[in-house]
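# A closer look at the structure
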Amino acid sequence: MENSEIPVKIKVKTTIDAQEAMELTVFGRYHQKGDATFLRYEEVLEEGTVRTIVKVAGEEALILRGGAVKMRLPFQVNRKLRGSYEMPFGVFETMTMAKRIEHSEGLIDILYDFTMQGSPSGTYHLEISFQEDRK
């Protein structure tokens, strides 16, 4: 039963509508449980620390964020799924429609249409690459 966490260096690249790209490099942990891959990392923002968990298994994925920003984004290929995005001034309903969810050794790739409070916010391409952090 493989359940040990491995320290990893993670690069998160988000591209919106194939133009605006944001990149983040963080250190986190990776582990495999059954056919699911889990990545956990923390980001420090002006509002405070945000803890993120990314879970991918087959044609499904889930991104959970807690702390200064609370978010739950579920993904399933070709299905519209409801999620939530909580900010200090309110909770927003989100909708994701994944076009692609792929994961291989060291890479998680999710392409999805994102809607917040009923308004389309564009097509998001999330590429999370990670490698063992050998200190």
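Notes on the structure in this doc start here. Since the structure is predicted, the reported quantities are computational estimates derived from the model, not experimental observations.

## Comments concerning the overall build of the protein chain
- If you tally the helices and strands in the protein chain, you get 0 helices and 10 strands.
- The globule rule puts the C-alpha radius of gyration for 135 residues at 14 Å, and the 15 Å found for the protein chain is close to it.
- Here the C-alpha coordinates of the protein chain stretch approximately 45 × 35 × 30 Å along the principal axes.
- Residue burial in the protein chain is summarised as follows: out of 135 residues, 39% are buried.
- Summarising the internal contacts of the protein chain: among those between residues at least 6 apart in sequence, 30% fall at separations of at least 24.
- Total accessible area on the protein chain stands at roughly 8,100 Å², and carbon and sulfur atoms take up 48% of it.
- Counting 18 positive and 21 negative side-chain charges, the protein chain places the averaged centre of each group 3 Å from the other.

## A closer look at the nonpolar core
- Formed by 29 residues in total, the largest nonpolar core has its most connected members in Ile 10, Leu 39, Phe 75 and Tyr 112.
- If we skip the residues at most four places from it in the chain, Ile 10 touches Leu 24, Thr 25, Val 26, Gly 28, Leu 39, Arg 40, Tyr 41, Ile 128, Ser 129 and Phe 130.

## Some words on the sheet that holds strand S6 (residues 70-76)
- Taken together, 10 strands build a closed barrel; the order of strands is S1-S2-S3-S4-S5-S6-S7-S8-S9-S10 and the barrel is antiparallel. Mean inter-strand twist for the sheet, computed between neighbouring axes without regard to direction, equals 25 degrees.
- Bridge count between strand S3 (residues 36-45) and strand S4 (residues 48-57): 9 bridges; the pairing is antiparallel. Opposite Val 44, over in S4, you have Thr 49 as the bridge partner.

## A short note on the pattern of salt bridges
- Scanning all chains against the criterion turns up 8 salt bridges.
- The partner of Lys 99 in a salt bridge is Asp 113, and the shortest N-O contact between them spans 3.5 Å. Of this pair, Lys 99 sits in strand S8 (residues 90-104) while Asp 113 is found in strand S9 (residues 107-116), placing the two residues 14 residues apart along the sequence.
- Each of Glu 5, Arg 29 and Arg 40 takes part in a single network of salt bridges with overlapping partners.

## Quick notes on the layout of surface pockets
- In this structure, the largest pocket spans a volume of roughly 600 Å³.
- Along the walls of the largest pocket sit 24 residues, with Thr 14, Met 22, Arg 65, Met 71 and Tyr 124 positioned nearest its centre.
- No other element matches strand S10 (residues 119-132), which puts 4 residues into the lining of the largest pocket.
- Residue composition of the lining of the largest pocket, grouped by class: 18 nonpolar, 3 polar and 3 charged.

The rules behind each value
Residues numbered from 1 in each chain as written. Predicted model: local features only at pLDDT ≥ 70, side-chain atom pairs only at ≥ 80, totals over all residues. Heavy atoms only, no water. Helix = DSSP H or I, 4+ residues; strand = E, 2+ residues; numbered from the N terminus. Rg over C-alpha atoms; globule rule 2.2 N^0.38 Å. Buried < 20%, exposed > 50% of the residue type's maximum accessible area, 1.4 Å probe, protein only. Contact = heavy atoms within 4.5 Å. Areas by Shrake-Rupley, 256 points an atom, 1.4 Å probe, with all protein chains shown as cover. Lys, Arg positive; Asp, Glu negative; His and termini not counted. Charge placed at Lys NZ, Arg CZ, Asp CG, Glu CD. Core = buried A, V, L, I, M, F, W, Y, C linked by side-chain atoms within 4.5 Å. Pairing = 2+ DSSP bridges. Axes fitted to C-alpha atoms, helices over the stretch in contact; angles between N-to-C directions. Salt bridge = Lys/Arg side-chain N within 4 Å of Asp/Glu carboxyl O. 1 Å grid on protein atoms, 1.4 Å probe; cavity = no way out; pocket = protein on both sides within 12 Å on 5 of 7 lines; lining within 4 Å. Points joined across faces, edges and corners; volume = space filled by probe spheres on them. Nonpolar A, V, L, I, M, F, W, Y, C, P; charged D, E, K, R; others polar.

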